[in-house]
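# Secondary and tertiary structure notes
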Amino acid sequence: MKPSFAFLLLMLGAVMNVQPAQEKASLLYPYGPDQHDQKNPKLDDGSSKKITLTVPFTFYSKKYQTLYVNNNGVISFDTRVNQYTPDPFPLADGRTFVAPYWADVDNVRGGDVFYRETTDPTLLALVTKDINQYFPKISYAATWAFVATWDHVAYYGSTTNKGNTFQAVLTTNTKMSFIILNYWDIQWTTGAASDGDPETGLGGTPAHAGFNSGDETNYYNIPGSQTEAIINITKTSNVNVPGRWVFQVDDFKVTGVPTEVPKVADSNNCWL
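Source: prediction; values computed, not measured. (Residues numbered from 1 in each chain as written. Predicted model: local features only at pLDDT ≥ 70, side-chain atom pairs only at ≥ 80, totals over all residues. Heavy atoms only, no water.)

Helix and strand counts for the protein chain stand at two helices and 12 strands. Taken from N to C terminus, the helices and strands of the protein chain fall in the order α-β-β-β-β-β-β-α-β-β-β-β-β-β. Sorting the 272 residues of the protein chain into buried and exposed places 57% on the buried side. Here the analysis covers contacts within the protein chain between residues at least 6 apart in sequence; of these, 67% occur between residues at least 24 apart. (Helix = DSSP H or I, 4+ residues; strand = E, 2+ residues; numbered from the N terminus. Buried < 20%, exposed > 50% of the residue type's maximum accessible area, 1.4 Å probe, protein only. Contact = heavy atoms within 4.5 Å.)

Below you can see the structure in the form of structure tokens.
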């Protein structure tokens, strides 16, 4: 049960989200019922069942065999995450997870959370092509992938039809591991129980995007996390593709990351 809260009356002015020019299919990998995806229950702060992977996934030099897809924009290893207001990384409690967009999602109010583990050759070929394009010095051939997609998900306390669509893809060849984060449409940053405005989905404690190793030392925050600028993550990138962030995570490496935090005002610039 969420605590009672005071609605934040601060408006963030003319902050508008503009989707990238590319087609949706060019940024998001295929997902949904047609791909035989599983779907999370309609439950505020809920998650998938415990998912046992057919192959281990190496994250920050440690191999994991189980994970959860949590409604609040988190893929966690070994333990569920139902926390709805994000904390900055590193976390002090040892939780290990990927946060594509950690915020107070309410899929009861709107949207769906899909996921699947796959060795489909067509998808693996797409992933392989992309990884080799972004990391030309590495010869990589994907043998496995896990795709999680938050499809037009609403925020807690929403009085609108705003929804966010984003995706996380974990992939490995059993030696190297990568994570691809895709942000197609981001219309809100904050649920009402995190002091966000129920009419705008803005203000309060905004969403967090990044990685937490669980050792209180190794972590990465995508620039703009937990600031109002995170709404413009559809325009930012470390691989020169607006709305896409890609990382090698077996031995975590950060490449192509800009040094400046994104501006809140709309811009057509893409970080390199």
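Mean pLDDT for the protein chain: 88, with 86% of residues reaching 70 or above. Taken together, the stretch residues 3-21 has pLDDT below 50 and engages in 37 contacts with residues farther than four places along the chain or on a different chain. Below pLDDT 50 for its whole length, residues 259-272 participates in 38 contacts with residues either more than four positions away or in separate chains. (pLDDT = per-residue confidence, 0-100.)

With that settled, consider the environment of Pro223. Here Pro223 shows up in the loop between strand 11 (219-221) and strand 12 (244-248). The class for Pro223 is buried, based on a relative accessible area of 16%. For the pair Pro223 and Ala209, spaced 14 residues apart in sequence, the C-alpha to C-alpha distance is 8.3 Å.

Strands in a sheet are paired, the pairing made by backbone hydrogen bonds, and the direction either parallel or antiparallel. Judged by pairing direction, the sheet is antiparallel, and its six strands sit side by side in the order 2-3-4-5-10-11 without closing on themselves. Two strands in the sheet have a free side with no partner beyond their single neighbour: strand 2 (51-59) and strand 11. For this sheet the average axis-to-axis angle between neighbouring strands, irrespective of direction, equals 25 degrees. Of the pairings in the sheet, the one linking strand 10 (residues 208-212) to strand 11 comprises three bridges and is antiparallel in character. Bridge assignment links Asn212 to a residue of strand 11, and that residue is Tyr219. (Pairing = 2+ DSSP bridges. Axes fitted to C-alpha atoms, helices over the stretch in contact; angles between N-to-C directions.)

Here the focus is the nonpolar core. Grouped together as the largest cluster of nonpolar side chains are 43 residues, with contacts concentrated most on Phe59, Phe146, Tyr183 and Phe211. In terms of residue count, the dominant contributor to this core is strand 7 (residues 144-153) (five residues). Setting aside residues no more than four positions away along its own chain, Phe59 makes contact with Tyr64, Phe77, Thr96, Phe97, Val98, Ile179, Phe211, Asn212, Ser213, Val249 and Asp250. Membership of the second largest hydrophobic core comes to 23 residues, among which are Val127, Ile131, Val241 and Val246. (Core = buried A, V, L, I, M, F, W, Y, C linked by side-chain atoms within 4.5 Å.)

The next subject is the pairing of strand 3 (residues 62-70). Relative to strand 3, strand 2 is paired through five bridges, and the arrangement is antiparallel. Following the sheet pairing, Thr58 is matched in strand 3 by Lys63. As paired strands, strand 3 and strand 4 (residues 74-77) are joined by four bridges and run antiparallel to one another. Bridging across to strand 4, Tyr68 finds its partner in Ser76.

Here we come to the packing of aromatic side chains. With the rule as written, the count across this model stands at 25 aromatic pairs. On the basis of an interplanar angle of 35 degrees and a centroid distance of 5.3 Å, the ring pair of Phe59 and Phe77 is categorised as tilted. With Phe59 in strand 2 and Phe77 in strand 4, this pair connects stretches of sequence that are 18 residues apart. A single burial state applies to Phe59 and to Phe77, both of which are buried. (Phe/Tyr/Trp six-rings, centres within 6.5 Å; stacked < 30°, edge-to-face > 60°.)

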